[in-house]
Amino acid sequence: QVRLVESGGGSVQAGGSLRLSCVASGYTHSFYYMAWFRQAPGKQREVVAVLRNGGGSTHYADSVKGRCTISQDNAKNTLYLEMNSLKPEDTAMYYCAAQVVAGGDNYWGQGTQVTVSS
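Residues numbered from 1 in each chain as written. Predicted model: local features only at pLDDT ≥ 70, side-chain atom pairs only at ≥ 80, totals over all residues. Heavy atoms only, no water.

**Student:** Any chance you could explain the sheet that holds strand S8 (residues 78-83) here in plain terms?
**Tutor:** Judged by pairing direction, the sheet is antiparallel, and its four strands sit side by side in the order S1-S3-S8-S7 without closing on themselves. Either end of the sheet is taken by a strand with one partner, and the two such strands are strand S1 (3-7) and strand S7 (68-73). Direction aside, the axes of adjacent strands within the sheet are offset by 15° on average. Where strand S3 (residues 18-25) lies against S8, six bridges are found, and the strand directions are antiparallel. By the bridge assignment, Ser-21 is partnered in S8 with Tyr-80. (Pairing = 2+ DSSP bridges. Helix = DSSP H or I, 4+ residues; strand = E, 2+ residues; numbered from the N terminus. Axes fitted to C-alpha atoms, helices over the stretch in contact; angles between N-to-C directions.)

Okay, structure coming up:
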């Protein structure tokens, strides 16, 4: 079945950049949507960015708009999240998520930690 594996997290200083990757396996067709979520300790998981219909539509949370770019490399079955001008409040575990069709099963990766120091 569908498996998602994130990577690219790490510790950076405020103002720095990171590029997160999510490799998908077990599915060779395009997803209805792929997205990045994040969750800080004691906080609710929140959406960061969403890519729908193979890149036909994108959405960004207000907190990251202008600083993040979500993209997909179909040849590598990989979803990316480029983050620039990182802030301490961006510190969280970042998760990759995907759905094959609208209303279908949601798939989640294990997460990759992003820590931003001031």
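There's more to say after this.
**Student:** Teacher, can you tell me more about the state of the cysteines here?
**Tutor:** The term disulfide refers to a covalent linkage connecting the sulfur atoms of a pair of cysteines. Summed over all chains, the structure comprises one disulfide. A sulfur-sulfur separation of 2.1 Å characterises the disulfide bridge that pairs Cys-22 with Cys-96. Note on the Cys-22 and Cys-96 pair: the S-S dihedral is about -75°, so by sign convention the disulfide is left-handed. Separated by 74 residues along the polypeptide, Cys-22 in strand S3 and Cys-96 in strand S9 (residues 92-99) bring together distant segments of the chain. Both residues of the pair, Cys-22 and Cys-96, count as buried. The cysteine Cys-68 is free of any disulfide, with Cys-96 supplying the nearest cysteine sulfur at 14 Å. (Disulfide = S-S within 2.5 Å. Buried < 20%, exposed > 50% of the residue type's maximum accessible area, 1.4 Å probe, protein only.)

**Student:** Got a minute to help me understand the nonpolar core in this structure?
**Tutor:** In globular proteins that are soluble, nonpolar side chains generally tend to be buried together. Membership of the largest hydrophobic core comes to 30 residues, with the highest contact counts inside it found for Leu-4, Trp-36, Leu-81, Met-83 and Tyr-94. Elements supplying a minimum of two residues to this core: S3, strand S4 (33-39), strand S5 (46-52), S7, S8, S9 and strand S11 (112-117). Beyond its immediate chain neighbours, meaning those up to four positions away, Leu-4 contacts Cys-22, Val-23, Ala-24, Met-34, Cys-96, Ala-97, Ala-98, Tyr-107, Trp-108, Gly-109 and Gln-110. Counting residues in each nonpolar core, the second largest holds five residues, with Tyr-33, Ala-35, Phe-37 and Ala-97 among its members. (Core = buried A, V, L, I, M, F, W, Y, C linked by side-chain atoms within 4.5 Å. Contact = heavy atoms within 4.5 Å.)

**Student:** In this structure, what is going on with the packing of aromatic side chains? I would like to understand it.
**Tutor:** Working definition: an aromatic ring pair is given by the centre-to-centre distance plus the angle between the planes. Taken as a whole and assessed by the stated rule, the structure comprises one aromatic pair. The ring centre of Tyr-80 lies 4.0 Å from the NZ or CZ of Arg-19, which sits over that ring. (Phe/Tyr/Trp six-rings, centres within 6.5 Å; stacked < 30°, edge-to-face > 60°. Lys NZ or Arg CZ within 6 Å of the ring centre and 35° of its normal.)

**Student:** Help me understand unusual backbone geometry in this model?
**Tutor:** Trans is the prevailing form of peptide bonds, just as negative phi is the prevailing case for residues other than glycine. Although it is not a glycine, Asn-77 adopts a positive phi angle of roughly 50°. Relative to the helices and strands, Asn-77 is located in the loop between S7 and S8. For Asn-77, a relative accessible area of 35% gives the class partly exposed. Despite not being glycine, Ser-85 shows a phi value in the positive range, around 50°. Locating Ser-85 in the fold gives a position in the loop between S8 and S9.

The quantities given are spatial measurements derived from coordinates; they are silent on function.
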